[in-house]
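Fold and contact review
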Amino acid sequence: MAIDRVICEVDRVLRTLWAPASSVRPIPGAELPDADLSAVERSHVVGLMRVNHCGEVCAQALYQGQALTSRDFAVREALCVAANEETEHLAWTERRIGELGGQKSLLNPMLYAGALSMGVAAGLLGDKWNLGFLAETERQVEAHLDAHLLSLPAGDERSRAIVEQMRLDEIRHADMAIIHGAAELPSSIKFTMKVAAKIMTKAAYYL
């Protein structure tokens, strides 16, 4: 059984980083006409969507690490449900990047490894801190997506629809963590998370 689980977890890593992601739900905004973007606007939207895709790669790793070390079956199940929705976000952002002629981040493997380590560490601290880390992550992602909604070109309704649905899902994931008993993280930890996210965002926008 242990070998089977290792194989499954390795397969998950490979699929997240290199296989095309799939979505059960329709891609938000797919029915909308594409915007006539300038070269500068297109480059900017690619950068934003690359950041979002990179964030979803990290989310997959984070959930994987947290589920591996969680002690509560109900928590593990909730993490798996949220991870499946994050996989859909991966598919949506990947497709939008392709539509715009862009490339996914070269940093994805390195960031996956870092997020997986953080997820494992959070899980080892116990489920309430595990869920607290998840809730705070989702709150920060929500704020980050709010900023993207303001930054997107006004006519790019396709990208806007994707980001808006992602935002709603992230809010629900944070609520899920709180319902399952998330602890409130110390302000110093929240600040450190914000700084790390800002560095990752800046790098992924260009790379």
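Presented here is an overview of the structure given in this document. (Residues numbered from 1 in each chain as written. Predicted model: local features only at pLDDT ≥ 70, side-chain atom pairs only at ≥ 80, totals over all residues. Heavy atoms only, no water.)

Looking at the overall build of the chain
In terms of helices and strands, the chain carries seven helices and zero strands. Along the chain, helices (α) and strands (β) appear in the sequence α-α-α-α-α-α-α when read from the amino end. In terms of C-alpha radius of gyration, the chain reaches 17 Å, essentially the compact-globule figure of 17 Å for 207 residues. Principal-axis analysis of the C-alpha atoms places the extent of the chain at approximately 50 × 40 × 30 Å. Out of the 207 residues in the chain, the part that is buried amounts to 46%. (Helix = DSSP H or I, 4+ residues; strand = E, 2+ residues; numbered from the N terminus. Rg over C-alpha atoms; globule rule 2.2 N^0.38 Å. Buried < 20%, exposed > 50% of the residue type's maximum accessible area, 1.4 Å probe, protein only.)

Comments concerning a nonpolar patch on the surface
On the surface, F191, V195 and I199 cluster together into a nonpolar patch covering about 310 Å² of accessible area. With respect to the secondary-structure elements, I199 resides in helix 7 (residues 187-206). Exposure remark for I199: the relative accessible area of 58% places this residue in the exposed category. (Patch = residues over 30% accessible without salt bridge, like charges linked within 9 Å, V, L, I, M, F, W, Y side chains within 5 Å. Areas by Shrake-Rupley, 256 points an atom, 1.4 Å probe, with all protein chains shown as cover. Salt bridge = Lys/Arg side-chain N within 4 Å of Asp/Glu carboxyl O.)

A look at the pattern of salt bridges
Under the defined criterion, the tally for this structure stands at 14 salt bridges. Where D169 meets R25, a salt bridge forms, and the shortest distance between an N and an O atom there is 2.8 Å. Placement of D169 in helix 6 (residues 157-179) and of R25 in the loop between helix 1 (2-18) and helix 2 (39-69) is noted, with a sequence separation of 144 residues between them. Where E94 meets K104, a salt bridge forms, and the shortest distance between an N and an O atom there is 3.7 Å. Here the residue E94 occupies a position in helix 3 (residues 73-99), and K104 occupies one in the loop between helix 3 and helix 4 (108-124), the gap between them amounting to 10 residues. Using a relative accessible area of 19% as the deciding quantity, one classes E94 as buried. It is possible to trace a salt-bridge network through shared partners that takes in D34, R95, R96, E99, D156 and R158.

Examining the packing of helix 2 against helix 4
Two elements in contact, helix 2 and helix 4, have axes whose closest approach is 7 Å; the angle formed by their N-to-C orientations is 35°. Classified by chirality, the crossing of helix 4 by helix 2 is right-handed. Each of H53, C54, V57, C58, Q60, A61, L62, Q64, G65, Q66 and T69 in helix 2 lies in contact with helix 4, whose residues at this interface are N108, L111, Y112, A115, L116, M118, G119, V120, A122, G123 and L124. Residue classes in the contact of helix 2 with helix 4 are distributed as 13 nonpolar, nine polar and no charged. (Axes fitted to C-alpha atoms, helices over the stretch in contact; angles between N-to-C directions. Left-handed = near helix turned anticlockwise from the far one by under 90°. Contact = heavy atoms within 4.5 Å. Nonpolar A, V, L, I, M, F, W, Y, C, P; charged D, E, K, R; others polar.)

Things to note about the nonpolar core
Formed by 16 residues in total, the largest nonpolar core has its most connected members in V45, M49 and V163. Listing elements by their share of this core, those giving two or more residues are helix 2, helix 3, helix 5 (127-151) and helix 6. When residues in this core are grouped by element, the largest group, four residues, is from helix 2. Contacts of V45, omitting those with residues within four sequence positions, involve L37, L100, L152, P153, D156 and S159. (Core = buried A, V, L, I, M, F, W, Y, C linked by side-chain atoms within 4.5 Å.)

Focus on the side chain of H89
Secondary-structure assignment places H89 in helix 3. A polar contact is formed between the side chain of H89 and the side chain of E170, at a distance of 3.4 Å. Residues contacting H89, with those up to four places away along its chain left out, are R25, E56, M166, D169 and E170. (Polar contact = N/O pair within 3.5 Å; in protein donor to acceptor, adjacent residues only side chain to side chain.)

Some details on helix 6
What sets the pattern is the α-helix's 3.6 residues per turn: residues three or four places apart point alike. Taking 1.5 Å as the rise per residue, helix 6 with 23 residues should run 33 Å; its terminal C-alpha atoms sit 33 Å apart, in good agreement. Of the residues one or two after helix 6, G181 is the one with positive phi, at around 105°. (Expected span 1.5 Å × (residues − 1).)

Observations regarding the packing of aromatic side chains
Under the defined criterion, the tally for this structure stands at one aromatic pair. Aromatic pair Y205 and Y206: ring centres 4.9 Å apart, planes at 80°, arrangement edge-to-face. We classify Y206 as exposed; its relative accessible area is 59%. (Phe/Tyr/Trp six-rings, centres within 6.5 Å; stacked < 30°, edge-to-face > 60°.)

Some points on the environment of M176
With respect to the secondary-structure elements, M176 resides in helix 6. Not counting chain neighbours up to four residues away, the residues in contact with M176 comprise A78, A82 and L134.

Notes on the side chain of R96
On the secondary structure map, R96 appears in helix 3. When neighbours within four sequence positions are excluded, R96 is seen to be in contact with D34, M49, D156, R158, S159 and I162.

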